[in-house]
Amino acid sequence: MMDWTDRHCRFFHRQLSPRARLYTEMITTGAILHGDLNRLLDFNAQEHPVALQLGGSEPVDLARAARIGEQWGYDEINLNCGCPSERVQKGAFGACLMREPDLVAQAVGAMQDAVSIPVTVKHRIGVDHEDHYGFVCDFVGALFSVGCRVFIVHARGAILKGLSPKENREVPPLRPEVVVRLKQDFPEAVFVLNGGITTVAQAQEAVGVDGVMLGRAAYHDPWVLRDLDCALFSSDSAALRPAQRQDILPMLQQYFESELRRGTPAKHMTRHWHGLFHGQPGARHWRREICEGRMGPQELFDKLSFDFQGASRAQ
Ligand SMILES: Cc1cc2nc3c(=O)[nH]c(=O)nc-3n(C[C@H](O)[C@H](O)[C@H](O)COP(=O)(O)O)c2cc1C
């Protein structure tokens, strides 16, 4: 998610779920081909498995960017065909690419030729008035025919004129049954359902698909990632999972200190950690103070621990 899931956020999320696949925010091919790769692509080894999401539409550029992503160590290259923002429309990529299945198929083919890691696509179920099943089915079919086997589907249409990106995540109705139907029509492909999933129960109710992707809920209430890891993955990652929220603080503190030594501003990290104690006693204090970035997470917890115990500090 743009401006949200940077490397500091992903490192944090990885502490909560050893198994979830993490995605970068969308990075345009132009940025990768002409920008500062260290700043754009650097990530911590603990983030694996981690996918690089690309924004672009030129097959040659996408192939070059995908190769750079693979060389950088990413585990998957994902193409964004779901973003409805005006800026992205002007660049003729994101959700408007759903209207050009042949071009997307050519781009995915070029990326597949350029890398040996999986190339996947994230898309919507329709664009503007083209929201009938045949439209999304033809789009998936074109990509399936060139070998794409993983589709992450935000199960609502994108309205390209008249709705902001935020409204495009709320106004068009969610239709998860479309993703289930895609899975029935392309049983050899993997379909990951995205949109509106906020709880473990909702994720478990998502039958007929191969997986779920959480966006906003994972950011605002990240502990849900830990609960999902418990519910969806077998006991093999149990030993790596935190039993309680504060269990991840020593690792976060270590990360915080080592990044400060590298020159990373504290707030670049701490702004992502505000939701760790979501719904717990002391959450408000935590949220306010961690975002200020004056203290590392363990230091702050130690200072506030009276709040977390639900009792006032003994004088
Ligand atoms: C601030 C923000 C930035 C986003 N940026 C991206 C992005 O870069 N790439 C992408 O595929 N989706 C992006 N999304 C959309 C989410 O990945 C997701 O599809 C959408 O929020 C619906 O899922 P949710 O209901 O679980 O949040 C973004 C969402 C938000 C809130």
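Residues numbered from 1 in each chain as written. Predicted model: local features only at pLDDT ≥ 70, side-chain atom pairs only at ≥ 80, totals over all residues. Heavy atoms only, no water.

### What to know about the site of the ligand
- Of all residues adjacent to the ligand, which total 16 residues, the nearest are Met2, Gln53, Asn194, Gly196 and Arg216.
- Measuring from a nitrogen atom of the ligand, one finds a side-chain N or O atom of glutamine 53 at 2.7 Å.
- Between the ligand and arginine 216, the relevant distance is 2.8 Å, taken from an oxygen atom to a side-chain nitrogen or oxygen of the residue.
- Burial of the ligand by the protein amounts to 89% of the accessible area it has alone, namely 610 Å².
- Classifying every residue of the shell around the ligand gives five nonpolar, seven polar and four charged. (Near = heavy atom within 4 Å. Polar contact = N/O pair within 3.5 Å; in protein donor to acceptor, adjacent residues only side chain to side chain. Areas by Shrake-Rupley, 256 points an atom, 1.4 Å probe, with all protein chains shown as cover. Nonpolar A, V, L, I, M, F, W, Y, C, P; charged D, E, K, R; others polar.)

### Brief notes about helix α14 (residues 283-292)
- Residues Ala283, Trp286, Glu289 and Ile290 constitute the buried set of α14. Angularly, the buried residues of α14 cover 145° about the axis, an arc narrow enough to put them on a single face.
- Buried residues along α14 sit against α12 (249-261), α13 (266-270) and α15 (297-308).
- Taken from the residues just after α14, glycine 293 is the one with a positive phi, measuring 75°. (Buried < 20%, exposed > 50% of the residue type's maximum accessible area, 1.4 Å probe, protein only. Helix = DSSP H or I, 4+ residues; strand = E, 2+ residues; numbered from the N terminus. Arc of directions from axis to C-beta. Contact = heavy atoms within 4.5 Å.)

### Description of the domain arrangement of the protein chain
- Partitioning the protein chain into structural domains gives domain 1 (7-226) and domain 2 (245-308).
- Of note, the centres of domain 1 and domain 2, computed from C-alpha atoms alone, are 30 Å apart.
- On the side of domain 2, 17 residues touch domain 1, which itself brings 15 residues to the contact.
- Counting each side, the surface lost to burial between domain 1 and domain 2 is near 1,500 Å², with a carbon and sulfur contribution of 61%.
- Linking domain 1 to domain 2 there are two salt bridges.
- Where glutamate 259 meets arginine 7, a salt bridge forms, and the shortest distance between an N and an O atom there is 3.1 Å.
- At the junction of domain 1 and domain 2, the tally comes to four residue pairs in polar contact (both at pLDDT 80 or more).
- Secondary structure elements with two or more residues in the side of domain 1 that touches domain 2: α1 (7-16) and α10 (216-220). (Domains from an automatic or database assignment. Buried area = accessible area lost by both parts, 1.4 Å probe. Salt bridge = Lys/Arg side-chain N within 4 Å of Asp/Glu carboxyl O.)

### Some thoughts on helix α4 (residues 59-72)
- Over its 14 residues, α4 extends 20 Å from the first C-alpha to the last, a length consistent with the 20 Å expected when each residue adds 1.5 Å.
- Every buried residue of α4 is listed here: Pro59, Leu62, Ala63, Ala65, Ala66, Ile68 and Gly69.
- In this structure, the buried side of α4 is in contact with α2 (29-34), α3 (37-41), β2 (50-55), β3 (76-81) and α6 (101-114).
- Following α4 by one or two positions, glycine 73 has its phi on the positive side, about 110°. (Expected span 1.5 Å × (residues − 1).)

### Structural notes on the pattern of salt bridges
- Under the counting rule described, the total for this entry stands at 15 salt bridges.
- Residue arginine 21 pairs with glutamate 76 through a salt bridge whose shortest N-O separation is 2.7 Å. A residue pair is termed long-range when its members are at least 10 positions apart, and arginine 21 in the loop between α1 and β1 (22-28) and glutamate 76 in strand β3 qualify at 55 residues.
- A relative accessible area of 38% places arginine 21 in the partly exposed class.
- The salt bridge partner of aspartate 229 is arginine 241, with a shortest N-O separation of 2.6 Å. Taken together, the residues aspartate 229 in helix α11 (residues 223-232) and arginine 241 in the loop between α11 and α12 connect sequence positions 12 residues apart.
- Accessibility expressed as a relative area gives 0% for aspartate 229, which makes it buried.
- On the basis of relative accessible area, arginine 241 is assigned to the buried category, the value being 13%.
- Counted as one network, the salt bridges with shared partners bring together Arg7, Asp42, Glu259 and Arg262.

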